[in-house]
Every structure is written in C-alpha cells, then in structure tokens.
Amino acid sequence: MIEVVDLRKTYENHEAVRGLTFSVPPGEVLGLVGPNGAGKTTTMRCITGAIPPTAGRVLICGRDVQLDPVGAKQELAFIPDEPRLFEYLTVREHLAFVARLYGVKDPKPRAQALLEELELTGKEDALPNTLSRGMKQKLAIACGLIHEPRAIMFDEPLTGLDPVAIRRIKESIRKRAAAGAAIIISSHLLNLVEAIATRILLLQQGQKLLHGTIAEIQAAVPDLQGRADLEEIFMRATGYETSATASGRIVAAPETPASPPTP
Amino acid sequence: MTQSALLYLVARTTFNSVKHRLARLKQPRYLLPTLAGLAYFWFVFGMPGLGRGTRAPEVADFAPTIRALAGAGLLFFTVTGWILAPNHATLMMSEAEVMQLCTSPLTRAQIIRYRWLRAQPATLFMALVAGVLALKREELNAIFAALGTWLIVNVMFLNGIAAALFAGKLKSLGVRGLSLRIPGIMLALAVAAAFAPNFTPPPSLRQFREIPDWLSHLFNDGLAGALLWPLRQLAQMPAATDWPEFAVGAGVALAMMLGFDQLATRLNTPFEESALDLAQNVGRRLEAFRRGGMSSMKLAQIQTVKPSRLRLAEQGPVWRAMLWKALVGQTRGVSARLLFPLLGLAILFGVIVFSSDRPEVVDVMVISTFSVLTIMLVIAGPQMLRNDLRSELHRLDYLKSLPVRGRDILRGEVYGSALLVGAALVGIVTAAMLLIRTTEGLHAAWRITIIATSASFLPPVAAMSFAIENGAAVLMPSWVAQAPGSGGVELMGRNMLMAFLRLILLSLLLAIPGSAAAVLVAVGVLVAPSGLAAAMALVFAGGVAGGLLTLLEVEVLLRFFGRRFETLDPSLENM
C-alpha cells in the first residue's frame, strides 16, 4: 500500500507538487502520467525518500517515509529510468549486494530465479559496461525485485528494451501486482500505461488533473463520450488538443477502490 | 555555403560556451574558484616584476643550440606521429559531431577541415598564453610569440591528422599489422641516415662547454642540417626579433600546413566508422573519469572480470555490505601496475642501503623519503582512490531509495578506501623500519613498536582524510562532482580551494588526537618507571589513544555527514 497525503514540494519560488493526495492499494498498478514538468519525478522522489516533501506525508505499507525511512524503504523498490548500476560490480554481485541491504534470507535461489525470468543467465559475471542498455535495465529491475517488495516504483521501465523484453517486463509487473504489490509506473508511453495500469493519475503543474480507471477518466471528459484511448484523453485533458464541445474544465474522477487485475 | 555553416557551428559553439561560463559566474560556486584560479594564474605568469627580465648572457650563448634542439624536438614529434599513427583513430570528434556531420551532405575533405577549424579556439588560447608569457621577457615579441605558437601547433595538428588518415587509408586497402608501420619506420630510418654522418661520441658532462659545439655539428651540418632547416625556422618563430625573421618561419609553416592539408583531404580515407568508435570510447571514458577519476576510467575499459575474492556474508550489518561494495570497487579500479613504481623505489632503496658504507646518511635519506611518502599518501590518497561517494553522486536518487541510513553508506565508503590506504601507509612504515641500518639507535624491539604504533594510528588518519573528502561530496556536491564543461582556470581554482580546505580541516581535526596522544606519552614519561620496555609501551599507548580518538572523531563526522546525506536533494546537486 502506498499512500500520499497532501504532498507538497516547493523549490524556492516554484511549487513542483501542490497538495497531491492518492493511494495505491495492494494489487493495483497506478499509471502516473503527465506532460514534462508536471511533477511526476518530484512525486516519485518524495515517495522513494530521495527528497523530503515540503509538507504532507508519504506512507509505504503504513510506515512514514520521513519518520521511519529505513522501515518504509524496506518494503519499497525503486527502478529508475536510467539504470543506476555500480560499474565495478558484476551482475551476480549486484544481486548479492542488494539482497544483503534488504536483509533477504537465502538470496541465491531468488537471484537465480530472477536471472532466468529476466533472461540474464550467462551474464552473471559480466560488468555493467559490457551489457546492452536493455540488459542493464533488466538488471536494475532484478535488483529492485529481489527482496519481493510490497511497493514498487517504476520510472520509464521499458526504455531501451526490445519487444521481447518489453513483453517480459510487462508480464513481470502484472505478476507482482497479482501477488499483491502496489505498483506505480511513471511513463510517457501511454499505450504501455493503458495496457498495464489499473488506474491512471494524470498530473499537470503539480496537481491532480484526473484520477481513476480508464473508464472513469473517459467519463470525466464529456465530449469524448467514453470512447477515447489514454492518448486522446491526455491531449484533451492537458489542453494540447481541444474540441468545440469540450467544456475546457476537467473534473477529477471520484476516488473509487480499484479491483485487483486479473493475472 | 557549407563551409560557412561549419564555421557558424564552430563560432556558435565557442561563443555559447564562453557565454555560459560567464553567465554562471553569478553563482558563488563558480565565481570563487574562477577568482582563485585567475589569482594563481596572475601570480605565476602575470604579476608585474615577477620573473621579468632578460636572459643571462650564458643562456643567450646557447640560443642557437636551443633553437636547434627545439627544431629536433619538432622533427621527433613529426616522425613519431607517423610511427604511432596506426595506433590512433583517424579523426577525433564527439559522438554528436560524427552522427551529425557524417550523415550530412558534406565531403570528407570538408569534415577534415571542420575538425581543424574546431581545434582553433584551443590553439588560439594557447597562442594567447604564449603571448602573455612573452610579455615578461624583454627580448621576446609578444605578437611573434603568439602567432608563432599558433602556427607551430597547427603544423603539428595537421601532421597528426595527415599521418592518422594515411594509416587509415592503408587499413582500408587491407594493410594490417607491422606493414602499417612501414611508412613511419622508413621515415625514421631516413632521418637517422641523415644524422648518422654527423654523429660523434658526445662530450662528457665535465666538458660541458663543448656540448653546444657537439650539438651544432650534429644538427646543423650536412644533410641533417638541410633536413632540420624548415623545422628550425618553425621553432624560432616565437623568438623572432623582426618581421623578416618571422616571415621565413611563417612561410615554412604555411607551406607545411598546406601540404598536410592536401595530403589529408586528397587521400579520401573512410574515417567514419573509426571516428564513431573513438567518439563512443572516449565519451564513455571521459564520463567515467568525470564521475570517479582514473580508477573509474580504468573500470570503463574492463571487459571481463573474475568474481571478487572478497566474500559478502548473506546477513549482517548493512554498513559492512557498503564496505564490501567499496572494497570491490577500489580493488577493481586500481591497477596492480600502480605498485610497480613503489616496488621499484623499494628495490632502489634496498640497493642503496645495502651497498652504502655510510649507514647514518642513508638512514636519514630513508626516514625523510618515507616520511614524505607517508604524508603524501595521507593527503593525495583520496585523490588517487575516488571510488567512493564522490563517484556515486550521479546515482544519488537510487542510493537514497535504499533502506540504508546515510551514516552507514558513508561508513562503508570511507572505511573501504581507508583500509587500503591505511594498509599502504603501514607498509611504508614497515619498509622504512626494515631499511634503516643503524641498529644502535634503533633496537629491533623499537622497530616493531613503531610499526605497531603506526598500524594503530595511520589507518584512522587515512579514514579521517577520506571522511573529509566524502563529507565535501555531501556538503558541496557540485564542487566535488565535475560539472560538464568545467575545466581550465575554474577547475584549477576549485581544486586549489578544495585542497586548501582539506589541509586546514585535516590539520585541525588531527590536532586534537595528536595532542592527546602526546600528553599521554608525556604524563607516562613522568610517572611510569624508566626503561626501554616502559618507553615502548608508552609510545604504543600514545599511538593507540591517538588512533582511537581519531576514529571517534571520524564517527562523529560520519554521523553528521550521514544526516546531511539524508536531506541532500538529488534534483539540486546539478552535477
């Protein structure tokens, strides 16, 4: 469970996030979308504890990221858009190191299973600089998943991956959600978000513009009459495309509990 | 039309770079180092009255010899460029330049000339520096010095490009291995053949006054003199005293530049693939260097690696996992070849020590040399081993998402590096104790005591040195991580300021445990029974006390820096 309550982050004169409140229950995949500068990265960084919020609270599985950072992060995995790998550790050493940080008991079988799931077998003793961009991304994902986190944050998880790897990662994300993990995916690839996410959170200028299932947010944009895809909704809601019948004002969809996705 | 577009690219790049550097001087973190660097530059090169003067008559006597030597030096660089050309990629450009220019409707000749054009801001800056330096010497003309330097650098630059493209052309024709070096070797042999008739046994150092004549005969007579003539004209341009003298050199330089340009452009060497490989390789290494210095750059080149012999237990304190990570990084980032100079030094000292009949003099030499080495390693160690938090700043958001307290991250990073440098320091002391020969003054038991004392005190001192460095990474991340595009005066000034701050802090922080240890020993001397054993025990106790106090200070610092780390904002570090 990830809970964000009245989150605010201010940089000097710029308010990057303005009173954001939402929650991601176990089993839900939340797609975090918005134009550049909408506050997605700042929100993600506040949730992962990389930066302290100016106001508000972030709870991971009931633990406050500010008051109990180690406890909260113990339940969390953050997979950044650019793989942040240690250039001097091999693939196997990465997994051993991260497992140790999270106190994983008997990590070797888990590491082996992840290597197989993400098709990294045969690369165990390779250094990151010898891996392709996609391989690095898969290793970063394996490091994030080795402690079986209950809350997972993906920032552009499919960048640089080939179609086979994309399908693998999608399956992997769905599998974790089905197992009860609360997942947030931040991405500009709206078709990916639409395919995986059970709910969408659309941010603009640090504020919640739309929040709900695809059907709910379709309904929130009156002139689309419930037919549009996420890209269309995004364009209309953010004002990049308007129609004669659009009201010009978007109302956030009601907060309704999400149903767990089917595996 | 196309050339004007390329000229526009070079001009805008230079203009924007200068503009960006000037604009950021509004921020103190850029202004202060720039001012410090300029102050240093002014003090060393520009201060009126400092170093200004004419050459001493003795030096003036050697002027023709110096010019001949300079000409020979230029000949050496020219020939070496052709011998080493097969090792080099054909044309060095950035990845963006290769991708943009090689896919644009440009001829290879145009791209080669663009590459020359792109080097001009740097060569002009070098010329400017030469001109400024010449202002300090009455017999030099600043304009000739600047223009001469500019022409010489350009001749050498175009020589390098022509040689690399020639080797590239041979490769494209299927020539491989030693055959690629035949042109360079032939050139070297031709030069050697020209010099051979002039060669006579050199005068001994006692016949110092005869050396100019010997060199003059070697360089100026016969075929060698004719061969060296154009390069001598080049070499004398910066020191020319009038326009006719300068014009001869300039004419030679322009002719050589034109010749190399024609050779480089008419070869039509397919350089694109090689240039892209080089651009990517250099880009990766530079990025690694920017993040973590030489050791990271070395890591960027490693293709295969054996699993580390350092074992990581599956359970235990988190900081030990960080320590393990740091140790693996440091050991993989440091080449064993670095040990060769130390080994060479030890062998050299061994030979001196055991062949000398004046042990007391040798002992003084050993003690002073090894003391300097110890101090240098404490100060320079953190600059040599940078695989710690300083090289991790670019992944700060990831590090902060891990369930690890800031102090534990810092502990691992600091102690990992300190263990290695501490071991090296103890090794130096041990080597010194083994090499000292005056046994009367230094009983074997004393040597062991000194080694044991250093083992208890020096590793904590190394830890303090690394704690300060990593603390700087937390408190001033933008100063520690090298910003893209930073360099020159600003970088020099920043390094100077950082080194100054480091030394002050290290001295202040070590003063407390050092004083406490000294007081302990002094009190011990007053109250303890006399005798060798008691004295040795006191020294050892002083070392242990000093080491423990230093460690205590390090722990306090790590807690402070750890708390600061937890509030560090990755979005503001602006690396």
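Our structure's up above, just so we're on the same page.
In this report, the structure presented in the accompanying data block is examined. None of these values were measured; they are calculated from a predicted model.

### A look at the overall build of chain B
Here comes step 1: The helix and strand inventory of chain B stands at 22 helices and zero strands.
Here comes step 2: Taking the principal axes of the C-alpha coordinates as reference, chain B spans close to 85 × 65 × 55 Å.
Here comes step 3: When burial is assessed residue by residue, chain B has 44% of its 575 residues classed as buried.
Here comes step 4: Summarising the internal contacts of chain B: among those between residues at least 6 apart in sequence, 78% fall at separations of at least 24.
Here comes step 5: Just so you have it, chain B exposes about 29,300 Å², and 71% of that area is on carbon and sulfur atoms.
Here comes step 6: If the 50 positive side-chain charges of chain B are averaged to one point and the 33 negative ones to another, these points end up 6 Å apart.

### Digging into empty space enclosed by the protein
Here comes step 1: The final tally for this structure, using the stated rule, is four cavities of 30 Å³ or more.
Here comes step 2: A volume near 60 Å³ is recorded for the largest cavity.
Here comes step 3: For the largest cavity, the full set of lining residues is A:Phe78, A:Ile79, A:Pro80, A:Pro83, A:Arg84, A:Leu85, A:Phe86, A:His94, A:Val98, A:Ala140, A:Cys143 and B:Tyr398.
Here comes step 4: Elements with a contribution of two residues or more to the lining of the largest cavity: strand S6 (76–79), helix H3 (91–101) and helix H5 (133–145) of chain A.
Here comes step 5: By residue class, the composition of the lining of the largest cavity is ten nonpolar, one polar and one charged.

### Concerning the environment of B:Arg21
All names here are of chain B.
Here comes step 1: Residue placement: arginine 21 occurs in helix H1 (residues 2–23).
Here comes step 2: Residue arginine 21 is classed as partly exposed on the basis of its relative accessible area, which comes to 29%.
Here comes step 3: Between the C-alpha atom of arginine 21 and that of serine 368, which follows or precedes it by 347 residues, the distance is 44 Å.

### Some remarks on the pattern of salt bridges
Here comes step 1: In this structure the tally under the stated criterion is 30 salt bridges over all chains.
Here comes step 2: Between A:Glu87 and B:Arg395 there is a salt bridge, and its shortest N-O distance comes to 2.6 Å. In this pair, A:Glu87 is assigned in the loop between S6 and H3 and B:Arg395 in the loop between helix H16 (359–384) and helix H17 (396–401), connecting two distinct chains. Exposure class is identical for A:Glu87 and B:Arg395. Each is buried.
Here comes step 3: Residue B:Glu413 is joined to B:Lys325 by a salt bridge in which the shortest nitrogen-to-oxygen separation is 3.3 Å.

### Some remarks on the packing of helix H19 (residues 444–475) of chain B against helix H21 (residues 488–527) of chain B
Residue and element names in this part refer to chain B.
Here comes step 1: Between H19 and H21, the least distance of the axes is 10 Å, while the angle of their chain directions is 135 degrees. Of the possible angle classes, the one that applies to H19 and H21 is oblique. Crossing angle aside, the handedness with which H19 passes H21 is right-handed. On the side of H19, the interface is formed by Val461, Met464, Ser465, Ile468, Glu469 and Ala472, while H21 contributes Met498, Arg502, Leu505, Leu506, Leu509 and Leu510.

### Examining the packing of H16(B) against H19(B)
Residues and elements named next belong to chain B.
Here comes step 1: Orientation of H16 relative to H19, taken along the N-to-C sense of each, is 35 degrees, at an axis distance of 9 Å. Of the two elements, H16 crosses H19, and the hand of that crossing is right-handed. Here Thr374, Val378, Gly381, Pro382 and Gln383 of H16 lie close against H19, whose contacting residues are Leu458, Val461, Ser465, Phe466 and Glu469.
Here comes step 2: Per-class residue counts for the contact of H16 with H19 are five nonpolar, four polar and one charged.

### Examining the pairing of strand S2 (residues 14–24) of chain A
Residue and element names in this part refer to chain A.
Here comes step 1: Note that strand S1 (residues 2–11) and S2 share seven bridges and pair antiparallel. From the neighbouring strand, lysine 9 faces S2, where its bridge partner is valine 17.
Here comes step 2: Count of turn residues in the S1/S2 antiparallel hairpin: two residues, of which glutamate 12 carries a positive phi of about 45 degrees.

### So, the interface of chain B and chain A
Here comes step 1: In this assembly, 43 residues from chain B lie in contact with 38 residues from chain A.
Here comes step 2: Carbon and sulfur atoms make up 58% of the area that chain B and chain A hide from each other, which totals about 3,600 Å².
Here comes step 3: In terms of surface lost to chain A, no three residues of chain B exceed B:Glu314, B:Tyr398 and B:Pro403, which account for 19% of the buried area on that side.
Here comes step 4: Viewed at the interface, chain A and chain B are joined by four salt bridges.
Here comes step 5: Linking chain B with chain A are 14 residue pairs in polar contact (both at pLDDT 80 or more).
Here comes step 6: With nine residues, the single largest contributor to the side of chain B that touches chain A is helix H14 (residues 318–333) of chain B.
Here comes step 7: When its residues are assigned to classes, the side of chain B that touches chain A shows 21 nonpolar, twelve polar and ten charged.

### Quick word on the packing of aromatic side chains
Here comes step 1: Considering all chains together, one arrives at twelve aromatic pairs over all chains under this definition.
Here comes step 2: Consider the rings of A:Phe86 and A:Phe97, whose centres lie 5.6 Å apart with planes at 90 degrees: the pair is edge-to-face. In this pair, A:Phe86 sits in the loop between S6 and H3 while A:Phe97 sits in helix H3, placing the two residues eleven residues apart along the sequence. Across the pair, exposure class does not vary: A:Phe86 and A:Phe97 are buried alike.
Here comes step 3: Summarising the aromatic geometry, the rings of B:Phe76 and B:Phe77 are spaced 6.0 Å apart at their centres and angled 70 degrees between planes, so their arrangement reads as edge-to-face. Neither residue differs from the other here; B:Phe76 and B:Phe77 are each classed as exposed.
Here comes step 4: Taken together, the ring pairs connect A:Phe86, A:Tyr88, A:Phe97 and B:Trp324 into an aromatic cluster.
Here comes step 5: Just above the ring of B:Tyr30 sits the side chain of B:Arg24; from NZ or CZ to the centre is 4.4 Å.

### Considering the sheet that holds strand S10 (residues 207–212) of chain A
Residues and elements named next belong to chain A.
Here comes step 1: Pairing in this open sheet of six strands is mixed, and the strands run S6-S7-S8-S3-S9-S10 from one edge to the other. Looking along the sheet, the strands with just one partner apiece sit at the ends: S6 and S10. Here the strands of the sheet are splayed against their neighbours by 15 degrees on average, with no regard to which way each runs.
Here comes step 2: As paired strands, strand S3 (residues 29–33) and strand S9 (residues 199–204) are joined by four bridges and run parallel to one another. Within S9, the residue paired with glycine 31 across the bridge is isoleucine 200.
Here comes step 3: Relative to strand S7 (residues 151–155), helix H1 (residues 40–48) is tilted by about 150 degrees, and along the sheet it contacts S3, S6, S7, strand S8 (182–186) and S9.

Cut-offs and rules
- Residues numbered from 1 in each chain as written.
- Chains lettered and ligands numbered in written order.
- Predicted model: local features only at pLDDT ≥ 70, side-chain atom pairs only at ≥ 80, totals over all residues.
- Heavy atoms only, no water.
- Helix = DSSP H or I, 4+ residues; strand = E, 2+ residues; numbered from the N terminus.
- Buried < 20%, exposed > 50% of the residue type's maximum accessible area, 1.4 Å probe, protein only.
- Contact = heavy atoms within 4.5 Å.
- Areas by Shrake-Rupley, 256 points an atom, 1.4 Å probe, with all protein chains shown as cover.
- Lys, Arg positive; Asp, Glu negative; His and termini not counted.
- Charge placed at Lys NZ, Arg CZ, Asp CG, Glu CD.
- 1 Å grid on protein atoms, 1.4 Å probe; cavity = no way out; pocket = protein on both sides within 12 Å on 5 of 7 lines; lining within 4 Å.
- Points joined across faces, edges and corners; volume = space filled by probe spheres on them.
- Nonpolar A, V, L, I, M, F, W, Y, C, P; charged D, E, K, R; others polar.
- Salt bridge = Lys/Arg side-chain N within 4 Å of Asp/Glu carboxyl O.
- Axes fitted to C-alpha atoms, helices over the stretch in contact; angles between N-to-C directions.
- Parallel < 35°, antiparallel > 145°, perpendicular 65-115°, else oblique.
- Left-handed = near helix turned anticlockwise from the far one by under 90°.
- Pairing = 2+ DSSP bridges.
- Buried area = accessible area lost by both parts, 1.4 Å probe.
- Polar contact = N/O pair within 3.5 Å; in protein donor to acceptor, adjacent residues only side chain to side chain.
- Phe/Tyr/Trp six-rings, centres within 6.5 Å; stacked < 30°, edge-to-face > 60°.
- Lys NZ or Arg CZ within 6 Å of the ring centre and 35° of its normal.

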